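Next come the chains, spelled out residue by residue.
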Amino acid sequence: MPRPPAPTLPILLLTIAAPLRGESLSADDAVRLALERSPAVRAARLRTEAADASLRAALAPPTARLEFGPGVGFTNGNALLTQEFDVAGSRAARGRRARGERDGAAAAERAVRRAVADAAALAYLELVRARAAEARLEQSRAVVREIAQR
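Counting restarts for each chain: residues are numbered from 1 in the order of the written sequence. Reporting in this predicted model follows two pLDDT cut-offs: at least 70 for local features of residues, and 80 or more for side-chain atom pairs to be given and counted; totals over whole chains, interfaces and linings ignore these cut-offs and use all residues. Only heavy atoms go into the side-chain values, all of them from the structure, while hydrogens and water stay out.

Moving on, we get to the pattern of salt bridges. Between side chains of opposite charge, a pair can form as their charged atoms come close. By definition, a salt bridge exists where a carboxyl oxygen of Asp or Glu is found within 4 Å of a side-chain nitrogen of Lys or Arg. Applying the stated rule across the entire model yields 10 salt bridges. Put simply, Asp 29 and Arg 32 hold a salt bridge, and the shortest N to O gap is 3.8 Å. Of the two residues, Asp 29 and Arg 32 are both situated in helix 2 (residues 27-37); the distance of 3 residues between them amounts to about one turn of the helix. Note on exposure labels: buried denotes an accessible area under 20% of the residue type's maximum, exposed denotes more than 50%, and partly exposed covers the range between, all computed with a 1.4 Å probe on protein chains only. Given the relative accessible area of 41%, Arg 32 is considered partly exposed. Residue Glu 36 pairs with Arg 32 through a salt bridge whose shortest N-O separation is 3.1 Å. Residue Glu 36 and its partner Arg 32 are located together in helix 2, separated by 4 residues, close to a single helical turn. Only DSSP runs of H or I with at least four residues qualify as helices, and only runs of E with at least two residues qualify as strands; both kinds are numbered from the N terminus onward.

Here it is, written out as structure tokens:
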């Protein structure tokens, strides 16, 4: 199973910091926004949905087929109605394989979501640290200006 791409820190910082203009954002909101806006999470969700559709198709009962053939002798044609029966268990095997693929896709989606959430939480902490350092720097500048004016 391929490893999900790790989102880069600057992209996550931009994702988190964009709605911060003039309003505060909690860590939970930052993680939620990162999960909503992440293309990796969206792609993993689509893979899981495709695997769900494959599972439903594999478990669906076979449909009856109506076949027409050319006539033999003096008849106008032959019609034949056929129905598939799962005597050898191939349909059940296809269902088990599709269920395994769906479970794998769901596990991969959970891994991608966890990786994006962890990266977003770290990016949020880095943003908070950077803002605190910026505030301390601004306080130091104010003290230096005050001393310089005396």
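Picking up where we left off.
Moving on to the nonpolar core. Val 31, Ala 34, Leu 35, Val 41, Ala 44, Val 112, Val 116, Ala 117 and Ala 120 form the largest nonpolar core, which has 9 residues in total. Contributing elements (two or more residues each) for this core: helix 2, helix 3 (39-59) and helix 4 (90-149). Residues belong to a common nonpolar core when they are buried Ala, Val, Leu, Ile, Met, Phe, Trp, Tyr or Cys residues joined through side-chain atoms within 4.5 Å.

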